[in-house]
Amino acid sequence: MQLDSGRTVLRFIQLLPAVSASGDFPLRDLPGIGKRVDVLCRDLAACFDWGPSDWPLSQLELSALFSDQVLLTFQTPNERMPIGERGWAMVVKNALQGNPPDYVRVTQDNLESMIRNVNQPSRSQLWVLHEEGKHFRDCKIQVSGTKNSFMLGDYRGFDSRAEELVSKYGLPRISLGGTSYLSSHCVASVISKFERMVK
Ligand SMILES: C[S@@+](CC[C@H](N)C(=O)[O-])C[C@H]1O[C@@H](n2cnc3c(N)ncnc32)[C@H](O)[C@@H]1O
């Protein structure tokens, strides 16, 4: 199966309920004062830099929801790709403080409305990446012509609000195995599985 021009999009959604939407974290302490915003920076590098081998960057998207209030959506950074965790952290901070580069969209949003927008069966499938979900190889995934989105918990997993909404909307939980991996590893692994599915 070939990738059909620009329509088979893979999207990742990182939930960051503990990270402030004000962008007031210092670049020197992303894990501590930044309340683990380093998780997002590594996801971004995995998604747009070292993760894909031949999946087109134009068919990747990554969103992050801060404090259930602000959604940043990253698409096609291309030649102005930030370098390393600190480079991505600077972009995130600037975007939250009102200075996004042209490949970052900033919107006011919350988890429930984001789920409603993203989860539109047959056009856009939202999966919940969860250690205890159904194994990836046993899930029926439509690759062509559908946008598949994968939602990730933060370093503690999903909070009770997220779990409540996952149940309310009957979102399927999909697993990469029983081991708990870094979310950046999950991003790279899903991209690699999709690359193999279209070969
Ligand atoms: C570092 S893990 C969460 C922390 C983990 N539950 C713990 O307490 O050690 C971050 C997120 O990556 C995703 N994740 C990690 N391992 C996974 C796996 N084996 N299968 C599917 N998703 C996984 C989940 O979305 C998880 O919430």
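Further up the page is the structure itself.
This write-up is about the structure you can find in this document. Note that the structure is a prediction, hence the values are computed from the model and not measured. (Residues numbered from 1 in each chain as written. Predicted model: local features only at pLDDT ≥ 70, side-chain atom pairs only at ≥ 80, totals over all residues.)

1. Focus: the overall build of the chain
- The number of helices and strands found in the chain is five helices and seven strands.
- Each helix and strand of the chain, ordered N terminal to C terminal, gives the series β-α-β-β-α-β-α-β-β-α-β-α.
- Scaling as 2.2 N^0.38, a compact globule of 199 residues should have a C-alpha radius of gyration of about 16 Å, and the chain matches this with 16 Å.
- Along the first, second and third principal axes, the C-alpha atoms of the chain reach 45 × 40 × 30 Å.
- For the chain, with 199 residues in total, the buried portion stands at 38%. (Helix = DSSP H or I, 4+ residues; strand = E, 2+ residues; numbered from the N terminus. Rg over C-alpha atoms; globule rule 2.2 N^0.38 Å. Buried ≥ 20, exposed ≤ 12 C-beta atoms within 10 Å, placed from the backbone.)

2. Some remarks on the sheet that holds strand β3 (residues 70-75)
- An order of β4-β3-β2-β1-β6-β5-β7 is seen for the seven strands of this open sheet, with the pairing classed as mixed. Only two strands of the sheet have a single partner each, and these edge strands are β4 (104-108) and β7 (173-175). Within the sheet, the average angular offset between the axes of one strand and its neighbour, ignoring direction, is 30°.
- Bridge analysis of β3 against β4 gives five bridges, and the strand direction is antiparallel. Bridge pairing in β4 places valine 70 opposite glutamine 108.
- The strands touched by helix α5 (residues 183-197) are β1 (10-16), β5 (124-135) and β6 (147-152); relative to β1, the strand with the most contacts, the crossing angle is about 165°. (Pairing = 2+ DSSP bridges. Axes fitted to C-alpha atoms, helices over the stretch in contact; angles between N-to-C directions. Contact = placed C-beta atoms within 7 Å.)

3. Here we look at the site of the ligand
- Of all residues adjacent to the ligand, which total 18 residues, the nearest are Leu129, Gly153, Gly157, Leu176 and Tyr181.
- Mapped by element, the contributors of at least two residues to the shell around the ligand are β5 and α5.
- Considering every element that reaches the shell around the ligand, the biggest residue donor is β5, with three residues.
- Its residues assigned to classes, the shell around the ligand comprises eight nonpolar, eight polar and two charged. (Near = placed C-beta within 6 Å. Nonpolar A, V, L, I, M, F, W, Y, C, P; charged D, E, K, R; others polar.)

4. Some thoughts on the packing of helix α1 (residues 38-50) against α5
- In the contact formed by α1 and α5, the axes pass within 8 Å of each other and the chain directions differ by 20°. What the angle tells us is that α1 and α5 run roughly parallel. Helix-helix and strand crossings are classified by hand; for α1 and α5 the assignment is right-handed. Residues Val39, Arg42, Asp43, Ala45, Ala46 and Cys47 of α1 form the contact with α5, whose own contacting residues are Ser183, Ser184, Val187 and Ala188. (Parallel < 35°, antiparallel > 145°, perpendicular 65-115°, else oblique. Left-handed = near helix turned anticlockwise from the far one by under 90°.)

5. Thoughts on helix α3 (residues 111-118)
- All of the buried residues in α3 are Leu111, Met114 and Ile115. Buried residues of α3, viewed axially, fall in a sector of 100°; they line one side. Opposite its buried face, α3 presents the exposed residues Ser113 and Arg116, each directed more than 90 degrees away.
- The secondary structure elements touched by the buried residues of α3 are β2 (60-66), β3, β5 and α4 (160-168). (Arc of directions from axis to C-beta.)

6. Notes on the pairing of β3
- With six bridges connecting them, β2 and β3 associate as antiparallel partners. Opposite leucine 62, over in β3, you have phenylalanine 74 as the bridge partner.
- Taken together, β2 and the strand that follows it, β3, pair antiparallel across an intervening segment of three residues, in which serine 67 is found at a positive phi of about 50°.

7. Topic: the packing of α1 against helix α2 (residues 84-96)
- It is at 9 Å that the axes of α1 and α2 come closest, and there the two elements cross at 110°. Between α1 and α2, the angle is such that the two are roughly perpendicular. Contact residues: α1 offers Asp38, Leu40, Cys41, Arg42, Leu44 and Ala45, while α2 offers Glu85, Trp88, Ala89 and Val92.
- Considered class by class, the residues forming the contact of α1 with α2 number seven nonpolar, no polar and three charged.

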